[in-house]
Amino acid sequence: MQTHLDSLCFPSSFRWGTATSSHQVEGHQYNNNWWAAEKAGGFVYQDQQSGAACDWWNRAEEDFDRMAALGLNAHRMSIEWSRVQPAPDRWDDDALARYQEMVDALLERDIEPMITLHHFTEPLWMTAQGSWENDESVGWFEKYVHRVVTLLSDKVTLWCTINEPMVLVGQAYLAGIWPPGQKSLRSSIDVGLNLTKAHAAAYHTIHGINPSAQVGLAKHMVSWSPHRVWIPTDHLVARMVNRITNHLILDAAATGRARLPFGKTYHIKQAANTLDWLGINYYQRYRVGIKIRNFLRTFFPSLPANIFYQGTKPGYQKGPGSWGEIHPEGLFDTLRAVAHYGRPIYITENGIPDRDDKNRPRFIITHLHQLWRAIEEAIPVKGYYHWSLVDNFEWAEGYNPDFRFGLFGVDIETQERTPRPSSRVYGEICRSNSLTQDLVARYDPELVPQIFRVDASKEPQQTEAT
Ligand code: FCB
């Protein structure tokens, strides 16, 4: 198929949106585990605190106007559990009313809300009782979900139960770099199981309230590649990491079974068939492999057991710090790799840390090109939510200037917003529902031949180990 096209068009009902999460934009959150960690210190860049963040609790509507001006028809936002249920036996009706108001404000602007029910944060009363390690957490979450969904079910159809469960497990319970700072495989497995059960409980609860609701979860997907293509063990590691981090929870939500490589199979029957749609958060590629010398050392217990390599390859564009390689084809590969789940797909997050906006226009264009290719292959992608509309509080990176994700820059002191050029790029794409040659020629002419004048079926594809 030759693509001498002027425009790559997207399906007519395609959802074009942005994504945010409550703790990262609302500000003034004083009752959740992240706030406690920020106060305690040790978890966030320069021990910064989220503070007022983007002040959405007071001024979300101003940013909703910006979305409307860009031509967006969708937005993914989250509800802060600690606000609506500040104590196990207390609901905050004012907080619930504010969320209702925000949802109404989106709808008034013809922006369809997708609501995430859990995006990394939890109320302090839950932390005090062992958080997700406590098996009762599933019931706590179910009760909260019931309350929120009952309130909003006539306005919201798209529900995202849990954001990036495996990232939460990895960062907070295995690597210990997010609160509660645990480094335990046992806890990681327990939390992973409880999050899967919590997703399943939320799925059934939401359908009990509104049978036609569309419920899914947002899964962080990394494009894992072997560090050295000629070393078989690196391929093995890439495949194994891919199975665990990318597919374990999706398999559980599809089949009710989670099979650890070389390990136990867990049966979570209630989780089977609990995805009406599948959310993909895609950012980057990492190379992985085995450090052979260190591998040998592990036979001698007194020596360090750091046997795995995870990193990037010189010569490839990468993000700041330990951020991985920018790899648009990885989005295409990822979409192919999840097509077999047979569910509609949303790209629930995709973006780049880029304060100066040097790379974001190209990032958006190249990733949307890959998305278009996937749709051309009949992979049912229904929408794209760019991360993010505005710069915000980036978890362990806090307000580190290297980790600015917004289409709009935000001065956290003054709350002033400054549109970046990429907001115009994205807005044009959303309004025209297409990626046009004219737009690419204006913003990144070098990309024109690659996107518009090649044989799409023979484009160079790097399909390593996704
Ligand atoms: C994702 C998180 C989101 C944001 C982006 C940059 O993994 O879901 O909250 O931090 O990364």
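Before any of the text, the structure's been laid out above.
Caption draft 1: Structural context of the layout of surface pockets. Taken as a whole, the second largest pocket spans an internal volume of roughly 300 Å³. Lining the second largest pocket we find 17 residues, and of these Gln317, Ile326, Pro328, Arg362 and Thr366 sit closest to its centre. Per-element tally for the lining of the second largest pocket: the top contributor is helix H13 (residues 360-376), with 4 residues. In terms of residue class, the lining of the second largest pocket is made up of 6 nonpolar, 7 polar and 4 charged.

Caption draft 2: Examining the site of the ligand more closely. Close contacts around the ligand come from Gln24, His119, Phe120, Asn163, Glu164, His220, Tyr283, Glu349, Trp387, Glu394, Trp395 and Phe405, and that covers them all. One nitrogen or oxygen atom from the side chain of Gln24 is found 2.7 Å from an oxygen atom belonging to the ligand. Glu164 places a side-chain nitrogen or oxygen 2.7 Å from an oxygen atom of the ligand. Coverage of the ligand by the protein chains reaches 95% of its 300 Å² of free accessible surface. Its residues placed into classes, the shell around the ligand shows 5 nonpolar, 4 polar and 3 charged.

Caption draft 3: Expanded view of the pattern of salt bridges. A full pass over the atoms with the stated rule returns 24 salt bridges. Between Arg76 and Glu349 there is a salt bridge whose closest N-O contact spans 3.0 Å. Of this pair, Arg76 sits in strand E3 (residues 74-78) while Glu349 is found in strand E11 (residues 345-349), placing the two residues 273 residues apart along the sequence. We classify Arg76 as buried; its relative accessible area is 0%. Between Arg355 and Asp356 there is a salt bridge, with the nearest N and O atoms lying 4.0 Å from each other.

Caption draft 4: Structural view of the nonpolar core. Trp132, Phe141, Trp159 and Leu371 are the most contacted members of the largest nonpolar core, which has 113 residues in total. Tallying contributions element by element places helix H9 (residues 185-209) first for this core, with 9 residues. Core analysis: the next-biggest nonpolar cluster, separate from the first, contains 17 residues, Met114, Ile326, Ile352 and Phe403 among them.

Caption draft 5: Spotlight on the packing of helix H12 (residues 329-338) against H13. Two elements in contact, H12 and H13, have axes whose closest approach is 8 Å; the angle formed by their N-to-C orientations is 30°. For the element pair H12 / H13, the angle class is roughly parallel. As H12 packs across H13, the resulting crossing turns out to be right-handed. Contacts from Glu329, Leu331, Phe332 and Leu335 of H12 reach H13 at His367, Gln370, Leu371, Arg373 and Ala374.

Each value, and the rule that gives it
- Residues numbered from 1 in each chain as written.
- Predicted model: local features only at pLDDT ≥ 70, side-chain atom pairs only at ≥ 80, totals over all residues.
- Heavy atoms only, no water.
- 1 Å grid on protein atoms, 1.4 Å probe; cavity = no way out; pocket = protein on both sides within 12 Å on 5 of 7 lines; lining within 4 Å.
- Points joined across faces, edges and corners; volume = space filled by probe spheres on them.
- Helix = DSSP H or I, 4+ residues; strand = E, 2+ residues; numbered from the N terminus.
- Nonpolar A, V, L, I, M, F, W, Y, C, P; charged D, E, K, R; others polar.
- Near = heavy atom within 4 Å.
- Polar contact = N/O pair within 3.5 Å; in protein donor to acceptor, adjacent residues only side chain to side chain.
- Areas by Shrake-Rupley, 256 points an atom, 1.4 Å probe, with all protein chains shown as cover.
- Salt bridge = Lys/Arg side-chain N within 4 Å of Asp/Glu carboxyl O.
- Buried < 20%, exposed > 50% of the residue type's maximum accessible area, 1.4 Å probe, protein only.
- Core = buried A, V, L, I, M, F, W, Y, C linked by side-chain atoms within 4.5 Å.
- Axes fitted to C-alpha atoms, helices over the stretch in contact; angles between N-to-C directions.
- Parallel < 35°, antiparallel > 145°, perpendicular 65-115°, else oblique.
- Left-handed = near helix turned anticlockwise from the far one by under 90°.
- Contact = heavy atoms within 4.5 Å.

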